[in-house]
Amino acid sequence: MLIGDKPKARQSQLVTTYGVGSLFPDADASYMIGGIDGWDTTYAQPVEEPRLARTLGVHTFHAPPTGRRRGDVPAVRFPEWYYCSGCRRLAPFWTFGGKKGATTCGECSRDLTPSRFVACCENGHIEDFPYFQWVHRGQDTEEGAKHQLSLRASGTSSSLSSIVVSCTCGVRPYNLEGAFSAGALQGIRRCSGSKPWLNATPNDPDCDRPLRVFQRGASNVWFPVQRSSISIPPWSSVAAQYVTKHWGLLEPLFKNAGEAAVRATVEATTKDEKEITVDDVIDVVRQRLGLAVDDAPDDDVLRTQEYEALKAGHNGSNRDTFQCTTLGVDPSLDGLVAQVSQVNRLREVRVLSGFSRVTPVESEAGSARTAKLSAESSNWLPAVEVMGEGIFIRLDEAAVEGWEGGVFAQSRQDSIRAAQDARDAAMKTTSERVHARFVALHTLAHLLVKELSLDAGYPQGSIRERVYALPGQAGILIYTASSDSAGSLGGLAALAATERLAPVLRNALERATWCSNDPVCAETGATGTDALNLAACHACVLAPETSCEHRNQFLDRLMVVGLPDKPERGLGASALRTLDAVVVSSRRPVVVPSAASAPMPPAWADTLAAALATPEETEFASRLVVARPDLPVPEIGTEVEGVVVPMVWADLRVLVDLDGLADADRDRLEEMGWTVLPADVDLVSSVLRR
C-alpha cells in the first residue's frame, strides 16, 4: 500500500485518545505519536489556564499544532515488524524490499500487515513482540540471513494456539498460546527500555519491570494521565481573557516599568471595550503574578476552588466563560438537596501530562511509572479547551454526614477498601483510600447522567461528571464539555429548573431501586475492574468511558437507594419516600384507558404502570390488546444495546419504534439481529404470531 494522504485525527483526540506514545491505526499501517519535542508550537494555539499550569509546573499549554504542510504532529511507524499474507514472511518492514513509501512485499507484491502484538512494561516502555526469541527460546542464537521467520494460522480456531511462528533454520515451530499470560516472556526477553515515541533517545537499560504482551489495539497499551480544570472567576472574565492575550507584553511591562505603565497601555488598547475596565485588568495581572510566586496548588485545592465558585454562583457578562445561577429547590427534595444551580456556560481545559502502560496510574498527579511526553523538560503541555453547560447539585451536608457515619455506609465502604488494598498490594503502590461519601456521590452522578440523557437531547457519551467529595463538600457537576456542536445545545442547563429537575432526580432514584440483573447485581458483592465496585453493572450504573472521570470504578447503587427490603439505608432515602406522595412525573405519565376502550389485562396494566408508560405507549398497547389479547407482555421503556426503546419482546428479539429511532441506531440494531417494527398494530401482531 502506498502512503498517500497523511493520517488524520481531530485536535482533541491528540490529547485524549491518540496522545503522545499511543498507537494510531491507519488502514494497513500503524504509527506511534511522537513526543512534544517535535511539535512546532508556532502552529499551535495557546491554551491558558494559570491555576492548572501552576499545578503542573509549566508556563502554559498549547493545542496540538495544525496547518503545517509537512504534517502537524510527528509520528513513527510502530510496530516495526510486519507480516505478508502472501508469502507468510514475518520481519521488520524495511527488509521486505518494497518501494520507498510503500508497505508492500517486494517478492509477492501483497500489502503488508503490522504485527498484531506488542510487548510493554509498567514503566511505559514498549517494543515489538520478540518473535525471534520466542521461536529460538533456550538457544544462543543471533538474528541473521539464515534466519527467516514465517507466521501461519492453522485456521482450526481463532485462539493464539492456531498462530504458529517458524524459522528457516529448522528450529521447532512454536504457537503463541500463553503469550498473553503475565510471565510469558520470562526467560525469553527482558525489557530493553525502548521509547520509540522519543525519537533518537537512548533506551533505559536498567528497567527491571517484566514485559507483558498485548494486542496493539488493546486499551492496556496506553492509559493517558490527564488533568482538567474548570475556568472560574477571575480567570473566566473578559479582563482575564484580555490579560491572557497580551500577557507577553503585560508581564515584563509590569515588572520593569510598574503599574502606571500598564495602566497607560491598557487604557490605550481598551478604550473601545465596554466590558473591560482598567482596574479589572490590573487586578487580574496582580493575581497572576502572585500565583506565579505562591506554592503550586494541588488537585484538592483546585477542586475546592471550583466547588466554592459553583456554590457562590456568578452572573458575568455574555463573554464570561463561567455563568452559574442558583435556582430554587423543589420541596420534595428537602432533606437531600440543598442547592441547584444552572450553569449556562463553562470552559474546561483538559491537559495530557503523561501516560502509562499495562495498568493505569491511579492518581491524577501521576507516579514514578508515568511516562514522559518529551525527552527534555518542557515548559508547556498539550491541551484542549472545550465549552459547555451543566447542572450543579449540592446535597445537604448534614444529611450526607449523618448517613456516611452509619453502619450500612461504613460496611459498604470497608468492602471496597479491602479490594482497594488488595489492588495496591498487587501493584506495589499506594492510593488514597476511598470514602463512602465519594462512592455515593459518584454513583448518584452516574444515575443522573443516564436519566438526563433521556431528556436533555445529548447522548450519554457527551455528558460528563465532576464529583466534589472532599470533607465538607457534597457536590456534583453534570455537564457537557465537547469540542463539537454537542457541547452547546442548551438542553442540559434548562433541566436545572425547579419543576423539571425534581422529577428527573426522583426517576433516576426509582430506576436504581431495581436492576434488570437483580438479584445478581445487588447480591454478587465485589465486581468491576479490580473488584472496586459493589452493586453496579452496565444495566444500571456503569457509564460510557467519556462520561466517567474515574474509569467506572468506586460505584455502588445500594449506597444510594438502600437494600430492597430496607431502602431507608440509602443516601437517597428521603427523596424515595416522597415518591408515593408525588404525582407521577409529567415526563412519563400513566394513562388509564377510557371505559369505552377494551379492558386492559392485569399483566399489561401492571407492566405499563410500573414502567411509567407514556400516553403513546399506553395507547398503542391498548390497540394491540384489542387486536390480539393473547400476545405476550412486552417490556416498556427498556434499554437495548445502548438505545432506550419504547416496547420490546426480548425473547423474540422484536421491538416497536414509537419515538423515531435515529437511522444509525436502527441499522445497528437490525445488524445485531433485532426486528425493528413501526407502530403498525397489524404488522406487529403478524410478526409476533409467527
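Within every chain, residues take consecutive numbers counted from 1 along the sequence as written. In keeping with the predicted nature of the model, local features appear solely for residues at pLDDT of at least 70, side-chain atom pairs appear and are counted solely at 80 or more, and the whole-chain, interface and lining totals rest on all residues. To obtain the side-chain values, all non-hydrogen atoms of the structure were used and water was disregarded.

Engineer: Tell me about the overall build of the protein chain, residues and numbers included.
Structural biologist: Counting from the N terminus, the helices are the DSSP runs of H or I reaching at least four residues and the strands are the DSSP runs of E reaching at least two. A tally of regular secondary structure across the protein chain gives 18 helices and 24 strands. Atoms considered for the radius of gyration are the C-alpha atoms alone. The globule rule reads 2.2 Å times the number of residues to the power 0.38. Taking 2.2 N^0.38 as the reference for a compact globule, 690 residues should give roughly 26 Å; the C-alpha atoms of the protein chain span a radius of gyration of 29 Å, in line with that estimate. Here the C-alpha coordinates of the protein chain stretch approximately 90 × 85 × 50 Å along the principal axes. Only heavy atoms matter for contacts: two residues are in contact if any of them lie within 4.5 Å across the pair. For the protein chain, restricting intrachain contacts to residue pairs at least 6 apart in sequence, the fraction spanning at least 24 positions comes to 66%. Residue-level accessible areas treat just the shown protein chains as cover; the underlying method is Shrake-Rupley with a 1.4 Å probe. Taken as a whole, the protein chain presents about 31900 Å² of accessible surface, with 50% of it coming from carbon and sulfur. By the counting scheme adopted, Arg and Lys are positive, Glu and Asp are negative, and His together with the chain ends is not counted. Every charge is mapped onto a representative atom, which is NZ of Lys, CZ of Arg, CG of Asp or CD of Glu. Of note, the protein chain has its 69 positive side-chain charges centred 6 Å away from the centre of its 87 negative side-chain charges.

Engineer: Which residues make up the sheet that holds strand β11 (residues 149-153), and what values do they have?
Structural biologist: Sheet architecture is open: 6 strands sit in the order β8-β6-β7-β11-β12-β13, paired in antiparallel fashion. Looking at the sheet topology across the chains shown, the edges are occupied by β8 (112-114) and β13 (174-175). Relative to β13, strand β12 (residues 163-167) runs antiparallel, the two being bridged by 2 bridges. Bridging across to β13, Val 165 finds its partner in Tyr 174. Note on pairing: two strands pair once DSSP finds at least 2 bridges between them.

Engineer: Can you explain the layout of surface pockets? Please cite residues and give values.
Structural biologist: It is the rolling of a water-molecule-sized probe over the atoms that shows where space remains empty. Definitions used for this entry: grid spacing 1 Å over protein atoms alone; cavity, a set of points where a 1.4 Å probe fits but cannot get out; pocket, an open set with protein on both sides within 12 Å along at least 5 of 7 lines; lining residue, one with an atom within 4 Å of a point. Grid points are joined across faces, edges and corners, and a volume is the space filled by probe spheres set on the points. In this model, the second largest pocket occupies a volume close to 1700 Å³. Lining the second largest pocket are 50 residues, and of these Arg 511, Gly 637, Thr 638, Glu 639 and Val 644 lie nearest its centre. Those elements that provide at least two residues to the lining of the second largest pocket are α10 (436-455), α11 (498-512), α15 (602-610), β21 (635-640), β22 (643-649) and α17 (663-671). The element that contributes the greatest number of residues to the lining of the second largest pocket is α10, accounting for 6 residues.

Engineer: Before we move on, can you summarise the confidence of the model for the protein chain with the specific residues and values?
Structural biologist: The quantity called pLDDT is the predictor's confidence in a given residue, expressed from 0 to 100. Mean pLDDT over the protein chain works out to 85, with 92% of the residues at or above the 70 mark. Confidence drops under pLDDT 50 across residues 580-597; counting only partners more than four residues distant or on other chains, this segment forms 31 contacts.

Engineer: Provide a residue-level description of helix α7 (residues 299-312), including the pertinent values.
Structural biologist: By this rule, a helix spans an expected 1.5 Å times one less than how many residues it contains. The end-to-end C-alpha separation of α7 is 20 Å, in line with the 20 Å expected for 14 residues at 1.5 Å each. Only protein chains enter the accessibility calculation, which uses a 1.4 Å probe; a residue whose area is less than 20% of its type maximum is buried, one above 50% is exposed, and one in between is partly exposed. The set of residues buried in α7 consists of Asp 299, Leu 302, Arg 303, Glu 306, Tyr 307, Ala 309 and Leu 310. For α7, the angular spread of the buried residues around the axis is 165°, confining them to a single face. Pairs of N or O atoms within 3.5 Å make up the polar contacts considered here, provided that, within protein, one atom can donate a hydrogen while the other can accept it, and that residues adjacent in sequence are counted only when both atoms are side-chain atoms. With a side-chain oxygen lying 3.2 Å from the backbone nitrogen of Asp 300, the N-terminal cap of α7 falls on Asp 298. Looking one or two residues past α7, Gly 313 carries a phi angle of roughly 80°, positive in sign. Throughout, the arc means the angular range of directions from the helix axis out to the C-beta atoms.

Engineer: For the environment of Val 541, give the residues involved together with the corresponding values.
Structural biologist: With respect to the helices and strands, Val 541 occurs in the loop between α12 (520-523) and α13 (557-561). Here the alpha-carbon distance between Val 541 and Ala 368, two residues 173 residues apart in the chain, equals 32 Å. The residues touching Val 541, leaving out its near neighbours within four places in the chain, are Thr 443, His 446, Leu 447, Lys 450, Ala 535, Ala 536, Leu 555 and Arg 557.

Engineer: Before we move on, could you go through the side chain of Thr 370 and cite the residues and values that matter?
Structural biologist: Following the sequence through the fold, Thr 370 ends up in the loop between β17 (337-356) and β18 (380-395). With near-sequence residues (within four places) excluded, Thr 370 lies in contact with Val 225, Gly 354, Phe 355 and Val 361.

Engineer: Outline the packing of aromatic side chains, supporting the account with residue identities and numerical values.
Structural biologist: The pairing test for Phe, Tyr and Trp rings, Trp by its six-membered ring, is centres within 6.5 Å, and the orientation test on the planes gives stacked under 30 degrees, edge-to-face over 60, and tilted for anything in between. As enumerated under the stated definition, the model contains 15 aromatic pairs in all. Measuring from centroid to centroid gives 6.0 Å for Tyr 82 and Phe 93, while their planes differ by 65°, and the two rings are edge-to-face. Of this pair, Tyr 82 sits in strand β6 (residues 81-84) while Phe 93 sits in the loop between β7 (89-92) and β8, and the two are 11 residues apart along the sequence. Under the relative-accessibility criterion, Tyr 82 is labelled buried at 0%. Ring plane angle 75° and centroid distance 6.4 Å describe the contact between Phe 392 and Tyr 468, whose orientation is recorded as edge-to-face. Of this pair, Phe 392 sits in strand β18 while Tyr 468 sits in strand β19 (residues 464-468); the two residues are 76 residues apart in sequence, bridging distant segments of the chain. Three or more aromatic residues joined by ring pairs form one cluster here, namely Trp 81, Phe 117, Phe 129, Tyr 131, Trp 134 and Phe 180. For a Lys NZ or an Arg CZ to count as sitting over a ring, it must be within 6 Å of the ring centre and within 35 degrees of the ring normal. Taking NZ or CZ as reference, Arg 137 lies 4.3 Å from the ring centre of Trp 134, over its face. Across the ring face of Tyr 174, the terminal group of Arg 137 is positioned such that the distance to the ring centre comes to 4.0 Å.

Engineer: Any chance you could break down the sheet that holds strand β1 (residues 23-26) for me, citing the residues and the numbers?
Structural biologist: If you walk across this open sheet you meet the 3 strands as β1-β2-β5, and the pairing is antiparallel. A single partner strand is all that each edge strand has here, and the edge strands are β1 and β5 (75-77). Neighbour to neighbour, the strand axes of the sheet diverge by 35° on average, direction disregarded. Across 3 bridges, the pairing between strand β2 (residues 29-33) and β5 is antiparallel. Following the sheet pairing, Tyr 31 is matched in β5 by Arg 77. Angular values range over 0 to 180 degrees, each being the angle between N-to-C directions of two axes fitted as lines to C-alpha atoms, with helices fitted over their stretch in contact.

Engineer: Talk me through the environment of Asn 256; I want residue IDs and the actual numbers.
Structural biologist: Locating Asn 256 in the fold gives a position in helix α4 (residues 247-257). For Asn 256, a relative accessible area of 69% corresponds to the exposed category. Expressed as a C-alpha distance, the spacing of Asn 256 and Ser 109, which sit 147 residues apart in the sequence, is 67 Å.

Engineer: If you had to explain the side chain of Ser 231 to someone new, which residues and values would you point to?
Structural biologist: Note on placement: Ser 231 falls in the loop between β15 (223-230) and α3 (238-245). With relative accessibility at 0%, the residue Ser 231 sits in the buried group. Separated by 2.6 Å, the side chains of Ser 231 and Glu 49 make a polar contact. Within polar-contact distance, the side chain of Ser 231 engages the side chain of Arg 347 at 2.6 Å.

Engineer: Can you lay out the pattern of salt bridges for me, pointing to particular residues and giving the numbers?
Structural biologist: In the sections that follow, a salt bridge refers to a side-chain nitrogen of Lys or Arg positioned within 4 Å of a carboxyl oxygen of Asp or Glu. With the rule as written, the count across this model stands at 24 salt bridges. Glu 348 is paired through a salt bridge with Arg 350; the nearest N and O atoms lie 2.9 Å apart. You can call Glu 348 buried: its relative accessible area is 0%. Under the relative-accessibility criterion, Arg 350 is labelled buried at 12%. The residue Asp 421 makes a salt bridge to Arg 433 at a minimum N-O spacing of 2.9 Å. Placement of Asp 421 in helix α9 (residues 407-427) and of Arg 433 in the loop between α9 and α10 is noted, with a sequence separation of 12 residues between them. For Arg 433, a relative accessible area of 40% translates into the label partly exposed. Among the ionic contacts, a cluster of salt bridges with common partners joins Glu 49, Arg 51, Glu 306, Arg 347, Glu 348, Arg 350, Glu 385, Arg 464 and Arg 466.

Engineer: Can you explain unusual backbone geometry? Please cite residues and give values.
Structural biologist: Here the bond from Phe 78 into Pro 79 is cis, since omega is 5°, no more than 30 degrees from zero. With respect to the element layout, Pro 79 can be found in the loop between β5 and β6. Each neighbour pair has its own omega, and for Asp 518 with Pro 519 the value is 5°, a cis peptide bond. For Pro 519, the position within the fold is in the loop between α11 and α12. Residues other than glycine seldom take positive phi values, yet Arg 88 does so here, at roughly 65°. Along the chain, Arg 88 turns up in the loop between β6 and β7. A positive phi angle, near 55°, is found at Arg 653, a position not held by glycine. Within the secondary structure layout, Arg 653 lies in the loop between β22 and β23 (654-656). Under the relative-accessibility criterion, Arg 653 is labelled partly exposed at 32%.

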